Every structure is written in structure tokens, then in C-alpha cells.
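For reference, the chains in residue letters:
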Amino acid sequence: MPQDPAVPETPGIVIGNTTPKYTAKNPAIRYLTQRWVDNLEKVFDRVTADPRGEPKAALEVGCGEGVIADKLRHRFKDVVALDLPDAGLRAWWQRYPGPHYLHADAHHLPFEDDQFDLVVAVEVLEHLHDPVKGLREMARISRRHVIFSVPREPIFRGCNLLTGRYVSDLGNTPGHLNHWSKRGFAKFVSTVADVREITSPFPWTTVWAVLPD
């Protein structure tokens with residue numbers, strides 16, 4: 001029997017986007033989201049031009065609705081995408097066939113060391129109870145590239161306050177447990193990989209880094 005989407009399968013954890021940024025009615029949110037996605041695609045372009053050989057196997061951790069996983073499948077031969085158990089997400093995944101979807105926890109990834117050429121995690125690390133463990137897990141299973149994106153703080157919370165959202169929580173989006181400035185996030189990623197590029201499509205920070213040989 002199909003799981004009722006209204007019944008949480010992962011209680012106590014915010015799954016997916018609190019604000020539906022990909023389908024938002026607010027034109028400003030749609031515009032900023034599209035700029036963010038366009039920036040990610042440009043980073044993917046640079047990864048595929050790797051002089052050491054074009055990556056073939058890619059993983060997205062915390063794939064949400066599957067929008068970015070769908071972008072990856074048009075570029076890479078083998079794409080795996082995962083998120084926590086949630087019937088609503090599974091319904092979305094049916095709209096983006098192609099990647100191999102599964103449920104798993106970013107703190108305990110069910111893969112061997114160096115299994116993927118590229119590991120992507122966008123809008124994920126800010127949600128983790130142990131971001132250091134999650135970061136190390138993602139670095140462990142990548143043999144070459146990692147791409148991470150998180151809200152750029154305190155700008156992200158400031159934007160929420162300006163639009164009257166989450167005022168009682170000082171603009172903090174539900175489920176955001178960790179907060180990084182642009183410089184702070186690059187420093188965080190540099191603990192596991194060599195940072196190649198930092199971009200800041202407002203109001204996010206995106207970092208592409210390469211694992212040491």
C-alpha cells in the first residue's frame with residue numbers, strides 16, 4: 001500500500017524545501033532560484049572539462065525533488081540520487097526518471113570509498129546534525145570532485161526577515177541547523193578537499209573542490 005504523503009516517514013526532520021523554490025509563485029524567488037541553478041550548471045561544465053578525464057559516475061546527496069539530479073543525468077553516464085525516506089519526494093522523483101533514486105542518510109552513506117567521480121550536495125549541509133561527519137562521508141566516497149552549496153549567511157536570514165518570513169526565529173529557515181558565511185564555508189570545505197572555485201549566486205554560496213590525488 002502506498003505511503004500517505006501526509007504521514008512523515010522521517011519524523012522530526014524537515015524534508016524537501018520549506019519554500020517551493022522551483023515552483024514558487026513569487027517571481028523573485030523563481031528568478032533567484034533559476035540564477036542559482038544556472039550557476040550550478042556552469043560549475044558542472046567546468047567539472048566535465050577536467051583534463052584528467054571526464055567524470056562518468058555522479059552522486060547527489062540530499063536530492064530533494066530531483067531537479068538537480070535531472071540536470072546531472074544529462075551530463076554523466078551514471079547518476080545516483082538519494083534523500084531521507086519521504087513519500088512526497090518519491091512522487092516528485094517520478095517526474096524526473098533517469099537517476100537511480102534511493103533513501104539514505106548523509107551521515108552514513110552506503111557506498112565504498114572513491115566510488116564516484118563527482119559528489120554533489122546542494123542545500124544539504126545546513127540541515128545536518130553533524131556537518132563535519134557528513135562532509136567527511138561525501139569526501140570519502142568521491143575519488144575526484146565535490147560540489148557543495150549552502151545559504152550565504154547572514155544574508156539568507158536577512159532576506160527572510162525583509163519578506164516577513166520566520167520572524168520569530170530571526171529569519172532562520174526551519175531545518176537550518178548550521179550557518180556559514182562565504183569565507184567560512186570555503187574554509188569548512190577546504191578541510192577535506194582543495195577548493196577550486198567559489199561562486200555566490202545571491203543568496204547562496206557554491207564551492208567546487210577537488211580531492212587530493
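Residues numbered from 1 in each chain as written. Predicted model: local features only at pLDDT ≥ 70, side-chain atom pairs only at ≥ 80, totals over all residues. Heavy atoms only, no water.

(A) Spotlight on the pattern of salt bridges. Inspection of every chain in the model, using the stated rule, returns twelve salt bridges. Notably, a salt bridge pairs Arg 75 with Asp 45, separated by 2.5 Å at the nearest N-O pair. Pair noted here: Arg 75 is in the loop between helix H2 (67–73) and strand S2 (78–83) and Asp 45 is in helix H1 (residues 27–48), with a separation of 30 residues, a long-range link. Residue class for Asp 45 comes out partly exposed when judged on its relative accessible area of 38%. Residues Glu 197 and Arg 46 are paired through a salt bridge, measuring 2.9 Å at the closest nitrogen-oxygen approach. Here Glu 197 is found in strand S6 (residues 194–199), whereas its partner Arg 46 is found in helix H1, with 151 residues between them in sequence. Through salt bridges with shared partners, one network takes in Glu 41, Asp 45, Lys 71 and Arg 75. (Salt bridge = Lys/Arg side-chain N within 4 Å of Asp/Glu carboxyl O. Helix = DSSP H or I, 4+ residues; strand = E, 2+ residues; numbered from the N terminus. Buried < 20%, exposed > 50% of the residue type's maximum accessible area, 1.4 Å probe, protein only.)

(B) Seen up close, the sheet that holds strand S3 (residues 100–103). The strand order S3-S2-S1-S4-S5-S7-S6 describes an open sheet built from seven strands, whose pairing is mixed. Looking at the sheet topology across the chains shown, the edges are occupied by S3 and S6. When the angles between neighbouring strand axes are averaged without regard to direction, this sheet yields 20°. Here five bridges tie strand S1 (residues 57–61) to S2, and the two strands are oriented parallel to one another. Note on S2: the bridge partner recorded for Glu 60 is Ala 81. Sheet strands in contact with H1 are strand S4 (116–122), strand S5 (142–151), S6 and strand S7 (204–210), and its direction is about 10° off that of S7. (Pairing = 2+ DSSP bridges. Axes fitted to C-alpha atoms, helices over the stretch in contact; angles between N-to-C directions. Contact = heavy atoms within 4.5 Å.)

(C) Looking closely at the packing of aromatic side chains. Going through the model one piece at a time under the given rule, you end up with seven aromatic pairs. Ring centres 4.7 Å apart and planes at 5° place the aromatic pair Trp 93 and Tyr 101 in the stacked group. Its relative accessible area of 7% is what places Trp 93 among the buried residues. Under the relative-accessibility criterion, Tyr 101 is labelled buried at 17%. With a centroid separation of 5.0 Å and 90° between ring planes, the pair formed by Phe 111 and Phe 116 is classed as edge-to-face. With a relative accessible area of 13%, Phe 111 lands in the buried category. Aromatic ring contacts, followed pair by pair, group Trp 36, Phe 156 and Trp 204 into a single cluster. (Phe/Tyr/Trp six-rings, centres within 6.5 Å; stacked < 30°, edge-to-face > 60°.)

(D) Here's a closer look at the nonpolar core. One finds Leu 59, Val 61, Leu 125, Met 138, Phe 148 and Phe 185 to be the most contacted residues of the largest nonpolar core, which totals 31 residues. Put simply, the parts of the chain that give this core at least two residues each are S1, S2, S4, helix H4 (131–141), S5, helix H6 (182–189) and S7. The leading source of residues in this core is H4, at four residues. Residues in contact with Met 138, not counting those within four places in the same chain, are Val 61, Leu 109, Val 119, Ala 121, Leu 125, Leu 128, Val 146 and Phe 148. (Core = buried A, V, L, I, M, F, W, Y, C linked by side-chain atoms within 4.5 Å.)

(E) Looking closely at unusual backbone geometry. For the peptide bond that leads from Glu 153 to Pro 154, omega is 5°, which places it in the cis range. Residue Pro 203 is bonded to the preceding Phe 202 through a cis peptide linkage, with omega at 0°. Topologically, Pro 203 is positioned in the loop between S6 and S7. You will see that Asp 114, though not glycine, has its phi angle at about 60°, which is positive. Among the structural elements, Asp 114 can be located in the loop between S3 and S4. Judged by relative accessible area, which is 42%, Asp 114 ranks as partly exposed.

(F) Representation of the side chain of Asn 178 within the structure. Checked against the element boundaries, Asn 178 lands in the loop between helix H5 (155–162) and H6. Its relative accessible area of 16% is what places Asn 178 among the buried residues. Within polar-contact distance, the side chain of Asn 178 engages the backbone oxygen of Leu 128 at 2.8 Å. Contact partners of Asn 178, with chain neighbours within four places excluded, come to Leu 125, Glu 126, His 127, Leu 128 and Pro 131. (Polar contact = N/O pair within 3.5 Å; in protein donor to acceptor, adjacent residues only side chain to side chain.)

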